[in-house]
Amino acid sequence: MFKRVIIKISGEALAIEGKGYNNDLIEEIVKDINKAILKGTQISLVIGGGNYWRGRSSSVEMDRTKADQIGMLATVMNAIYLCDSFRREGIPSKVMTPFKIGTMTKEFTKEEALDIMKDGGVPIFAGGLGHPFFSTDTITSLRGAELNCDCILYAKNIDGIYDADPMVNKEAKKYKTITYREIIKDNLKAIDVTAMQISEEAKVTSLVFALNGKGNISKACENNEAIYKISTKITI
């Protein structure tokens, strides 16, 4: 079992297009995370905001800074929704942001995030870094380094990293393991480059795995052979 991990989940994964949130999937995610917590893994989360807004959704005339600010707030909305889902399952959770939003979120501190996890709860990091031009991958890798995580778990809609888009190229090759340097050199676009550079410098391993599949999150936290059939491990 990993002692401590941070999990990145996309906003699109939480939603049913045109119908709001996929509550069945969210309930499954929450219960699976609780299963891993009960087995001894401390868990924190980063949630994307793509179900509400992506920078490329804006018009070409829109200022990039303003577009990214809308995206940050989208992640806050998703985090609040997910936080309440944890509450309904009896799991302590707090939304933590790098800037104050009244009483809706807590301002991030490393010490409080660690305390939440030690008490069996789940801190959810939203609002990115509070600055434009950074992705949710970047905040995931940064918090993973700050919190001394054993591994960063990227829950994706595909089961790992390929040398081409497997949705387009049926001959695409899946990597069982790969290094951050190789991903950057080959321009595979699996994870944001800045995020990979942070993780490489901090010497934190990452795992890209398929979110869809019963128990995949707890399998990833267990760090056994079962997860490596549906994932790619990224090493230093």
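The structure contained in this document is the topic of the report that follows. Because the structure is predicted, anything quoted here is derived from the model rather than measured. (Residues numbered from 1 in each chain as written. Predicted model: local features only at pLDDT ≥ 70, side-chain atom pairs only at ≥ 80, totals over all residues. Heavy atoms only, no water.)

1. Some words on the pairing of strand 8 (residues 205–210)
Operational definition: Only protein chains enter the calculation, and the probe is 1.4 Å; a residue is then buried if its accessible area is under 20% of its type maximum, exposed if over 50%, and partly exposed in between. Runs of E in the DSSP output that reach at least two residues are strands. Runs of H or I that reach at least four are helices, and both are numbered from the N terminus. Strand pairing requires that DSSP identify at least two bridges connecting the strands.
Summarising burial for strand 8: 5 of the 6 residues are buried, a large majority. Pairing geometry for strand 8 and strand 9 (residues 231–235), over 4 bridges, is antiparallel. Across the sheet, residue Phe209 finds its bridge partner in strand 9, namely Ser231.

2. Some words on the packing of aromatic side chains
Here is the rule: Any Phe, Tyr or Trp ring, taking Trp's six-membered ring, that has another such ring centre within 6.5 Å forms a pair; planes under 30 degrees apart are called stacked, those over 60 apart edge-to-face, and the others tilted. Whether a charge sits over a ring depends on NZ of Lys or CZ of Arg being within 6 Å of the ring centre and within 35 degrees of the ring normal.
Counted by the stated rule, this structure contains 3 aromatic pairs. On the basis of an interplanar angle of 75° and a centroid distance of 6.3 Å, the ring pair of Tyr21 and Tyr52 is categorised as edge-to-face. Here Tyr21 is found in the loop between strand 1 (4–9) and helix 1 (23–38), whereas its partner Tyr52 is found in the loop between strand 2 (42–47) and helix 2 (64–88), with 31 residues between them in sequence. Under the relative-accessibility criterion, Tyr52 is labelled partly exposed at 41%. Look at Tyr21 and Tyr81: their rings are 3.7 Å apart centre to centre, the planes differ by 15°, and that puts the pair in the stacked class. With a gap of 60 residues between them, Tyr21 in the loop between strand 1 and helix 1 and Tyr81 in helix 2 connect regions that are remote in the sequence. Joined through ring pairs, the aromatic side chains of Tyr21, Tyr52 and Tyr81 make up one cluster. Just above the ring of Phe108 sits the side chain of Arg143; from NZ or CZ to the centre is 3.7 Å. For the cation-ring pair, Arg143 lies above Phe125, with the distance from its terminal atom to the ring centre recorded as 5.8 Å.

3. A look at the sheet that holds strand 5 (residues 122–125)
Test applied: Any two residues whose heavy atoms approach within 4.5 Å are treated as being in contact. In this analysis an axis means a line fitted to C-alpha atoms, helices contributing only their contacting stretch, and an angle means the value between N-to-C directions, from 0 to 180 degrees.
Read from one edge to the other, the open sheet built from 9 strands follows the order 4-3-5-2-1-6-8-9-7, with strand pairing classed as mixed. At either margin of the open sheet sits one strand with a lone partner, and together these are strand 4 (106–107) and strand 7 (177–179). Inspection of the sheet shows strand 2 paired to strand 5 by 2 bridges, in the parallel sense. Its bridge partner lying in strand 5, Val46 is registered against Phe125. Against the sheet, helix 2 engages strand 2, strand 3 (93–97) and strand 5, with an angle of about 165° to strand 3.

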